[in-house]
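# Secondary and tertiary structure notes
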Amino acid sequence: MIDESCTWHSPGKSSFAGDYKGHAPIFGHFGRLGSETQGTFKSNLLQVTESDDGSAVAVHRDTGERNGKRLDVLCCIVFDIKNGKVMDGREYIYDLYAWDTFWA
């Protein structure tokens with residue numbers, strides 16, 4: 001589903017923030033979410049909306065525990081989809097301060 005040339009954008013000021021391009025960096029980023037929370041990180045999908053122009057938005061609730069801190073934030077990802085593949089993913093965190101504090 002994710003194209004090899006896909007770019008992924010993660011917001012904030014933590015070490016997770018930044019732009020990732022290609023499978024290895026993107027899947028490495030996803031893997032860190034699980035490994036740094038010892039498997040407690042969960043992203044529960046709440047809703048998906050699509051448009052006629054090849055975009056989709058997924059709304060989800062992210063939860064987890066790390067270093068004595070608890071995460072519970074709403075997020076969405078805007079996907080740019082072409083020929084059935086994700087070409088770009090852009091994360092938006094409802095409470096970016098809580099997100100950055102959790103990953104600090």
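Structure's up top.
All of the points below concern the structure found in this document.

Calculation notes
- Residues numbered from 1 in each chain as written.
- Predicted model: local features only at pLDDT ≥ 70, side-chain atom pairs only at ≥ 80, totals over all residues.
- Heavy atoms only, no water.
- Phe/Tyr/Trp six-rings, centres within 6.5 Å; stacked < 30°, edge-to-face > 60°.
- Helix = DSSP H or I, 4+ residues; strand = E, 2+ residues; numbered from the N terminus.
- Buried < 20%, exposed > 50% of the residue type's maximum accessible area, 1.4 Å probe, protein only.
- Lys NZ or Arg CZ within 6 Å of the ring centre and 35° of its normal.
- Salt bridge = Lys/Arg side-chain N within 4 Å of Asp/Glu carboxyl O.
- Pairing = 2+ DSSP bridges.
- Axes fitted to C-alpha atoms, helices over the stretch in contact; angles between N-to-C directions.
- Contact = heavy atoms within 4.5 Å.

## Observations concerning the packing of aromatic side chains
On inspection of all chains with the given rule, the structure shows eight aromatic pairs. Centroid distance Phe27 to Phe30: 5.9 Å. Interplanar angle 70°. Geometry classified as edge-to-face. Here Phe30 and Phe27 lie together in helix H1 (residues 23–35), a separation of three residues that amounts to about one turn. Residue class for Phe30 comes out partly exposed when judged on its relative accessible area of 27%. An aromatic cluster of three or more residues is present, and its members are Phe16, Phe41, Trp99, Phe102 and Trp103. For the cation-ring pair, Arg32 lies above Phe16, with the distance from its terminal atom to the ring centre recorded as 3.9 Å.

## Details of the pattern of salt bridges
Inspection of the entire model under this criterion finds five salt bridges. With a closest N to O distance of 2.5 Å, Asp72 and Arg61 form a salt bridge. Residue Asp72 is found in strand S5 (residues 69–82), and its partner Arg61 is found in strand S4 (residues 55–66); the two are separated by 11 residues along the sequence. With a closest N to O distance of 3.4 Å, Lys82 and Asp80 form a salt bridge. By relative accessible area, Lys82 is classed as partly exposed at 46%. Taken together, the salt bridges that share partners define one network made up of Arg32, Glu36 and Arg66.

## Concerning the sheet that holds strand S1 (residues 2–10)
Pairing is mixed across the open sheet formed by six strands, whose spatial order is S2-S1-S6-S5-S4-S3. Of all the strands in the sheet, just strand S2 (18–21) and strand S3 (42–50) have a single pairing partner and so form its edges. Taking each pair of neighbouring strands and ignoring which way they run, the sheet shows an average axis angle of 15°. Bridge count between S3 and S4: eight bridges; the pairing is antiparallel. Along S4, the bridge assignment pairs Val48 with Ala58. The strands touched by H1 within the sheet are S1, S2 and strand S6 (85–93), with S1 carrying the most contacts at an inclination of about 50°. Contacts between helix H2 (residues 96–103) and the sheet are confined to S4, S5 and S6, with S5 contributing the most and set at about 110° to the helix.

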